[in-house]
Amino acid sequence: MMITANDVKSKLIENFNVFELNLQEDESNPIAEIRREALKNFEAMGFPTRRHEEWKYTPVSKYLKYDFEPRTFTDNGFAAKDALPDAAISGLRANVLVFVNGKFQAAHSDIIETDKFEFRDIASAINAEDPYLFSRLNAVIDREKDPFIWLNQAYMRDGAMIRIKDRVKLQYPIYLVNMELPSKGNYLDNVRHLIRVGDHCEASIITNYINRSGEDRNLGNYFTQVEVGDHSHLQFYTLQYELGNGLHIGNYEVQVGKESTFSTFFFSSDGRLVRNVSNIILRGEHSEGHMYGLYSLDGNDHCDNRTVIDHAVPDCFSNELYKGILDGNSVGVFNGKIMVRPGAQKTNAYQHNPNLILSRGATLHAKPQLEIFADDVKCTHGATSGQLDEEHLFYLRSRGLDAANAKALLTYAFAYEVVEKVKIPALREFLEKRIQGKLLIHD
Amino acid sequence: MSKDDKIIQEVAGSEYKYGWVSDLDEDRIAPGLSEETIRFISAKKEEPEWLLEWRLKAYRQWLKMTPPAWQNLDIPPIDFQAISYYAAPKPKKKLESLDEVDPDLLATFEKLGISLEEQKRLTGVAVDAVIDSVSVTTTFKEKLGELGVIFCSMSEAVREHPELVKKYLGRVVPPTDNFYAALNSAVFSDGSFAYIPKGVRCPMELSTYFRINAAGTGQFERTLIVAEEGSYVSYLEGCTAPQRDENQLHAAVVELIAFDDAEIKYSTVQNWYPGDKNGVGGVYNFVTKRGICEGRRSKISWTQVETGSAITWKYPSCILKGDDSIGEFYSVALTRNRQQADTGTKMIHLGKNTRSRIISKGISAGQSQNSYRGLVSINKGAENARNYSQCDSLLLGDRCGAHTFPYLDCSNPTAQIEHEATTSKIGEDVLFYCRQRGMDEEEATALIINGFSREVLKKLPMEFAVEAQKLLAISLEGSVG
């Protein structure tokens, strides 16, 4: 019998007790209450259908046809050691934190700068009834919209809780590796990352998502909450190069304090279903948000990028550049919203979403969006879709490049505008090689 | 209070200039909607059986539908049973000349500044004047008749040209297209019908002036324009409405069909009662307008200047089916006080080498909310399709909102889409420049708004461009002086 999204939902709700039992959390632990409330919200909302404006182009129900079971065990047979080289970025020295199948792996992790930030895995933070953890769990901002956030909250099992102390400059990035490996069956992993950057800090964080579930369809449901203090700078990189058949839902909620800069970089190039929702709130004056994204899709990839930059206070600046390369039968979705709240005067906000469609089967849905409630602002957005310029191709061909290489070179140049924004040299080189490899540029 | 603020307050606060009620002897039915109502309307208009069936089918479908909720509008619930679906001036004799028209009616037109006689004599515009729901008079018919152009009310078309109506009615906007289109299909009272035969270039602009004139009467216009191969027509539509305290629903449907090499230019100036300063009253304007470029090299161009209505829900669209066809949309939407507008266009590219162009200018003042919502959809077969969209918003005052919701869907790699949007207020430097040259702030604001809207205004036929400019000026009076 066909399993539907509704079946998946009712099963998740029915089996919640089993999940709780397996986790063996203390009954008196406040988490029980938080989980139950989240479950109630999830139940009320259910999985989105195409009728939900935010899910119009991502028919998630279509993919929810397996018995996704929330994973509570750590597979003994897992081969993290074998899979870890996939996450290697050559030349990158970093504070490495590894999560496999939604569970922290201390043995594979390595924190170099122990004195500069605190790390605790969420599972032990729950057991220790960490007040900071609970304060964050109770402060989810986007409470209305996304059932996956509530699903995550109800079923969260582990994740990283990172707190960077005030006046700290991290010398090395924090590298969060999130792996999903096959373990016979279709599993749901709910991972929560909580990041707090203090005042007067400078740091970069790289998250890398790898899904090796193969024939099994794992659903990784990630929710990351970031808090940036005042006068700080945070670069946040997300790599989605190894998702294969996996389904990936990523929600990001970021709050930026005054005179701080937050930059995010998304590189997505794989995955049966990938959805990234970034909700960035500039809530301190004179803060800046920079958003860069590159989705280069092929085959049956489906990648849905949603960004909201929320100008809640005056005098902030935001800039967004998301580029798409669509090949094969892929579907690319971009929805970028600039929100200017009443009173957020002197806002400057820019957004640009150029797309390159390389094949007949590919489809693009772009929806740049402005919602402006203050008058003294400058907000612009632009979106384009097209193919490679004939004249540019001709120029290269008349200089001796064959058609395939000319096309590859121009596509690479298109992508490079985003890649060049990456500030960590080792990561930039890694990305350059990735894209070159994908485009098959030969000498 | 700074001068800036004063201007803004004046803009936001100016009252509607066209508000009055003209006292016409009316024939209307009690409020309520049922199959009986529809049978009544149909019988009253002596319609053929097929049209009644068509209406009933739409009605039955409408019962199953719910009002759309996706728009960025705050629409108070509408009691569809509280609306009277038919109001007509007293049963009319066939009119031969203007003398036979109700003098009150003529006075109404005079107040609007569109005296039929003057129109007839001076401007060369044929006017199919619609008061409330039934056409009262049609001018220049004979002259058009010589060329084979049919321009008449929809009821007359049903009687005189049933084969054409039957063939084309609902072809672009099916009776079940959306909630309001279904309602219109069920209860439409009258409207205009234009048919331009093959190879004819319509020698004058066809024009209809609408007025909503009966308190509590929804107006459900149905307009159908068919341009045969190689023909050209320019159609003007303009509206003003009397001041009222209760909301009036207007759910019109406009269908345009252009065959090979035909061109239809459809221009609208809309100035219905927008409600008072506190948002009380005002017209709800929920319109479905759609044109199809059926033939190769055909062209449909929508131009609209929207200054009225409490709530506007309107998306004039083009289905570009024929190869090399062109769709255009030019719009100025001005909202003030507590007006809400959610308007834009849809360009559906189906044929090869189809081109579309969207220019939308939004001006928000007071506490109004002004949204552009548009779709550009390039289907698989639309080789080399081309779209250019530009949406600019101007904000006057810090309590209004301007929003842009463009949707771009592309399934063909050879297509090229460009979309850009900006939102800002009038630049201090621009104002400063004007003031330096001796203009006061009001003149400067008027000049700048005029310039901001120019690209759209210049697309209007001359008669309309003047009226539209006047309308913008009146709407912004206080600042424009």
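Residues numbered from 1 in each chain as written. Chains lettered and ligands numbered in written order. Predicted model: local features only at pLDDT ≥ 70, side-chain atom pairs only at ≥ 80, totals over all residues.

**Q** I'd like a description of the overall build of chain B, backed by residues and values.
**A** For chain B, the helix and strand inventory stands at 12 helices and 24 strands. Counting over 481 residues, chain B shows a buried share of 57%. (Helix = DSSP H or I, 4+ residues; strand = E, 2+ residues; numbered from the N terminus. Buried ≥ 20, exposed ≤ 12 C-beta atoms within 10 Å, placed from the backbone.)

**Q** Describe the pairing of strand 14 (residues 299–306) of chain B, and please don't skip the residues or the numbers.
**A** Residue and element names in this part refer to chain B. Summarising burial for strand 14: 8 of the 8 residues are buried, a large majority. Neither face of strand 14 is left uncovered, since the one carrying Lys299, Ser301, Thr303 and Val305 and the one carrying Ile300, Trp302, Gln304 and Glu306 both have all their residues buried. As paired elements, strand 12 (residues 263–271) and strand 14 share 8 bridges and run parallel to each other. Paired with threonine 268 across the two strands is glutamine 304, which belongs to strand 14. Where strand 14 meets strand 17 (residues 326–335), 8 bridges bridge the pair, whose relative direction is parallel. Opposite tryptophan 302, over in strand 17, you have phenylalanine 329 as the bridge partner. (Pairing = 2+ DSSP bridges.)

**Q** How would you sum up helix 10 (residues 403–419) of chain A? Please name residues and give values.
**A** For helix 10 of chain A, spanning 17 residues, the distance from its first C-alpha to its last is 24 Å, which sits close to the expected 24 Å at 1.5 Å a residue. Listed as buried for helix 10 of chain A are Ala406, Lys407, Ala408, Thr411, Ala415, Val418 and Val419 of chain A. (Expected span 1.5 Å × (residues − 1).)

**Q** Requested: an account of the domain arrangement of chain A, with residues and values cited.
**A** All names here are of chain A. Taken as a whole, chain A is organised into domain 1 (5–284) and domain 2 (390–443). Taken together, the 13 residues of domain 1 in the interface contact 11 residues of domain 2. Put simply, the parts of the chain that give the side of domain 1 that touches domain 2 at least two residues each are strand 8 (202–211), strand 10 (233–242) and strand 12 (261–268). No other element matches strand 10, which puts 3 residues into the side of domain 1 that touches domain 2. The residue makeup of the side of domain 1 that touches domain 2, split by class, is 8 nonpolar, 5 polar and no charged. (Domains from an automatic or database assignment. Contact = placed C-beta atoms within 7 Å. Nonpolar A, V, L, I, M, F, W, Y, C, P; charged D, E, K, R; others polar.)

**Q** Hey, could you go over unusual backbone geometry for me, with residue numbers and the actual values?
**A** It is generally the case that most residues other than glycine have a negative phi and that most peptide bonds are trans. Phi is positive for arginine 167 of chain A, close to 50°, though the residue is something other than glycine. For arginine 167 of chain A, the location among the structural elements is in the loop between strand 5 (160–164) and strand 6 (174–180). Phi at asparagine 337 of chain B takes a positive value of approximately 45°, unusual for a residue other than glycine. The topology assignment puts asparagine 337 of chain B in the loop between strand 17 and strand 18 (340–343).

**Q** Describe the interface of chain A and chain B, with residues and values.
**A** Taken residue by residue, the interface counts 31 residues in chain A and 29 residues in chain B. Among the secondary structure elements, those contributing two or more residues to the side of chain A that touches chain B are strand 19 (363–372) and strand 20 (377–386) of chain A. By residue class, the composition of the side of chain A that touches chain B is 13 nonpolar, 11 polar and 7 charged. Note that strand 19 of chain A and strand 23 (residues 401–410) of chain B share 6 bridges and pair antiparallel. Within the sheet, the bridge partner assigned to leucine 370 of chain A lies in strand 23 of chain B and is threonine 404 of chain B.

**Q** How would you summarise the packing of helix 2 (residues 35–44) of chain B against helix 3 (residues 49–64) of chain B if you had to cite specific residues and measurements?
**A** Residue and element names in this part refer to chain B. It is at 10 Å that the axes of helix 2 and helix 3 come closest, and there the two elements cross at 155°. On the basis of the axis angle, helix 2 is roughly antiparallel to helix 3. Considering only the axes of helix 2 and helix 3, their crossing is right-handed. Judged by residue contacts, Glu35, Ile38, Arg39 and Ser42 of helix 2 engage Leu51, Leu52, Arg55, Leu56 and Tyr59 from helix 3. Split into classes, the residues belonging to the contact of helix 2 with helix 3 amount to 5 nonpolar, 1 polar and 3 charged. (Axes fitted to C-alpha atoms, helices over the stretch in contact; angles between N-to-C directions. Parallel < 35°, antiparallel > 145°, perpendicular 65-115°, else oblique. Left-handed = near helix turned anticlockwise from the far one by under 90°.)

**Q** Help me get a handle on the nonpolar core, residues and values and all.
**A** Within the largest apolar cluster, 239 residues are counted, with the highest numbers of intra-cluster contacts made by Val340 of chain A together with Ala227 and Ile264 of chain B. When residues are assigned to domains, this core turns out to be shared by domain 1 (5–284) and domain 2 (390–443) of chain A, each giving three or more. Excluding anything up to four places from it in sequence, alanine 227 of chain B contacts Ile196, Val233, Ile257, Ala258, Phe259, Ala262, Glu263 and Ile264 of chain B. (Core = buried A, V, L, I, M, F, W, Y, C linked by C-beta atoms within 7 Å.)

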